[in-house]
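What the coordinates show
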Amino acid sequence: MGFVVRQMQPEEIQLAVRWAAVEGWNPGQFDATTFYNTDPTGFFIGELDGEPIACISGVAYGDHYGFVGFYIVKPEFRGQGYGLQTWNGAITYLRSQSGRILGLDGVVEQQHNYERSGFRLAHRNSRFQGQFFENFAIDPHLVPIQEVAWAELLGFDRQFFPGAREKFLQAWFQQPHTLSYAYVDSVLKGYGAIRPAETGWRIGPLFAVNYSVAETIFRGLVAHAQGAACFLDIPLVNPDAVKLVEAYQMTPMFETGRMYLPQAPEINLNGLYGITSLELG
């Protein structure tokens, strides 16, 4: 039968999430369906003689932006060319739309390989971990995300993310046990979400107009974790995001690089305090 790359079936997304957990990515417990339904045609499996040995996602957010994630090859099959063939499946799919910007988060040791495909480093990201036992009071400006006008929320989100992602966000906020707050002071000034992960809780996204708003949302979210470990992925290019994790004595875990092809999109990095997902952007 040999090696073939094909589109992933709905039930196989759980396989990709399990592999991601083994790699230490700590995905959300209920991420699988949200990820797959965002773009079902953008998930691929690499099979060797009928056995899945590799996976990748190339999720299209409309015609202008796509994100490469879940790029995993089982360890015993690495270095044999199967990964590159799987990679080409996702890249070919995303580049079928002319002019689409592609993004990814690459671990440090693999960034040179992505550069060979034309990707260029835009900024460094780092995951931070912390535990919070203080019973933070919920600020009166924080309201459930469902109380915000949907059009206003989507417009705010587009400042910090390169593509429209209405379908993704609808599913993201509806994941079981996910808490999402918006900060409203006459107008929407920030929002954030926290969801259960394989270990502890993942925060993301966390977008805000300034440090004070971001900190208020952050405190509301981590209170929900009730002392369990919380994980936040930040762009190190935002000094206020670095200030936030340092103020709450969070510990750095690992680093990735946000890379783009052919060029970085214009987004408000100064308001980006928490990346939504290293898997889907």
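Quantities reported herein were computed from a predicted structural model and do not represent experimental measurements.

Our focus in this paragraph is the UniProt feature "domain: N-acetyltransferase" (unreviewed entry) in the chain. This chain's UniProt record puts "domain: N-acetyltransferase" (unreviewed entry) on residues 3-149. With 25% helix and 35% strand, residues 3-149 has its two end C-alpha atoms placed 48 Å apart.

This part takes up the pairing of strand β8 (residues 179-185). Most of β8 sits out of view: five of its seven residues are buried. Of the strand pairs in this sheet, strand β7 (residues 142-144) and β8 are connected by three bridges, and their pairing is antiparallel. When the sheet's bridge partners are listed, valine 143 is paired in β8 with alanine 182. Between β8 and strand β9 (residues 187-196), which pair antiparallel and follow one another directly, the connecting turn spans one residue, one of which, serine 186, has a positive phi of 70°.

Right, let's get into helix α5 (residues 150-157). Among all positions of α5, only Leu153, Leu154, Phe156 and Asp157 are buried. Summarising the axial view, the buried residues of α5 lie within an arc of 160°, below the 170-degree limit, and thus occupy one face. Here the buried face of α5 lies against α6 (166-173), β9 and β10 (201-208).

As a working rule, side chains carrying opposite charge can pair if their charged atoms are close by. A complete count under the given rule lists 13 salt bridges for this structure. Ionic pairing is found between aspartate 105 and arginine 258, a salt bridge with its closest N-O pair at 2.9 Å. In this pair, aspartate 105 sits in strand β5 (residues 101-107) while arginine 258 sits in strand β12 (residues 251-261), placing the two residues 153 residues apart along the sequence. Arginine 258 carries the same exposure label as aspartate 105, and that label is buried. Residue arginine 124 pairs with glutamate 255 through a salt bridge whose shortest N-O separation is 2.9 Å. Here glutamate 255 lies in strand β12 and arginine 124 lies in strand β6 (residues 120-130), a separation of 131 residues in the sequence. Of the residues examined, glutamate 255 reaches a relative accessible area of 28% and is grouped as partly exposed. Each of the salt bridges in this network shares a partner with another, and the network as a whole consists of Arg127, Arg202, Asp233 and Glu279.

About the criteria used
- Residues numbered from 1 in each chain as written.
- Predicted model: local features only at pLDDT ≥ 70, side-chain atom pairs only at ≥ 80, totals over all residues.
- Heavy atoms only, no water.
- UniProt positions renumbered as here; feature names shortened; annotations may be inferred.
- Helix = DSSP H or I, 4+ residues; strand = E, 2+ residues; numbered from the N terminus.
- Buried < 20%, exposed > 50% of the residue type's maximum accessible area, 1.4 Å probe, protein only.
- Pairing = 2+ DSSP bridges.
- Arc of directions from axis to C-beta.
- Contact = heavy atoms within 4.5 Å.
- Salt bridge = Lys/Arg side-chain N within 4 Å of Asp/Glu carboxyl O.

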